[in-house]
Amino acid sequence: MSALNTAALVLRHADYGDYDRMVTLFTPDHGRIDAIARGCRRPKSPLVNAVEPFVSGDFQLFTRKERYSIDQCQIRESFYDLRTDYDRLTHGVYWLKLLDAALMPEAAAPSLFLTTLKALAHLSYSDLPPELLTMAFEMHLMTQLGFAPCMNACMRCG
């Protein structure tokens, strides 16, 4: 059993069994990681709040039978304000779905990780329109994935 301590952002989760939950994490050094949070759905579990979408923190993971298992988490930011504004929440969920589709396992993306945390902070706490933030996030995501949009000339006529 080997341990992995890493910063991570929860992208999604799905209930698994009676008390467990499968969680997809975005980490700066290991890309997308699928892990199981055993017993997190029990009422007094210390992981009950740590495995919700938008939660970022320092996760301690162990590998058991070729699968990661979340042992503990120190929550840094939960972006709770997103849950109180439906419009901003839908934009944030869209961002997490984009990341889930674009990220590869074991592919380091530290700059994209920081960009995502800063963008979520703007979405949660700033007065900027969420549509504008979504366009900016999409352009940053495409650029960091190697698909930078051409902004200085018309693609049709040059």
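This text goes with the structure placed above it.
A brief report on the enclosed structure follows. Remember, it's a predicted structure, so these values are computed and weren't measured experimentally. (Residues numbered from 1 in each chain as written. Predicted model: local features only at pLDDT ≥ 70, side-chain atom pairs only at ≥ 80, totals over all residues. Heavy atoms only, no water.)

### Digging into helix 3 (residues 130–144)
- End to end, helix 3 covers 21 Å across 15 residues, agreeing with the expected 21 Å (1.5 Å per residue, within 8%).
- Its buried side turned inward, helix 3 meets helix 1 (86–102) and helix 2 (110–125).
- With its phi angle positive at about 95 degrees, G146 sits one or two positions after the end of helix 3. (Helix = DSSP H or I, 4+ residues; strand = E, 2+ residues; numbered from the N terminus. Expected span 1.5 Å × (residues − 1). Contact = heavy atoms within 4.5 Å.)

### Topic: the side chain of T134
- Residue position: T134 is located in helix 3.
- If near-sequence neighbours (up to four positions away) are discounted, T134 is found in contact with H91, Y94 and W95.

### Points about unusual backbone geometry
- Within the chain, E66 stands out as a residue other than glycine whose phi angle is a positive 65 degrees.
- Counting through the fold element by element, E66 comes out in the loop between strand 4 (56–64) and strand 5 (67–77).
- Residue E66 is classed as exposed on the basis of its relative accessible area of 84%.
- For E106, which is not glycine, the phi torsion reads 60 degrees and is therefore positive. (Buried < 20%, exposed > 50% of the residue type's maximum accessible area, 1.4 Å probe, protein only.)

### Focus on helix 2
- Between its terminal C-alpha atoms helix 2 stretches 23 Å, which fits the 22 Å expected from 16 residues at 1.5 Å a residue.
- Taken residue by residue, helix 2 has L112, F113, T115, T116, A119, L120, L123 and S124 as its buried positions. For helix 2, the buried positions fall inside an angular range of 165 degrees around the axis, keeping them on one side.
- Residues of helix 2 that are buried sit in contact with strand 1 (3–16), strand 2 (20–27), helix 1 and helix 3. (Arc of directions from axis to C-beta.)

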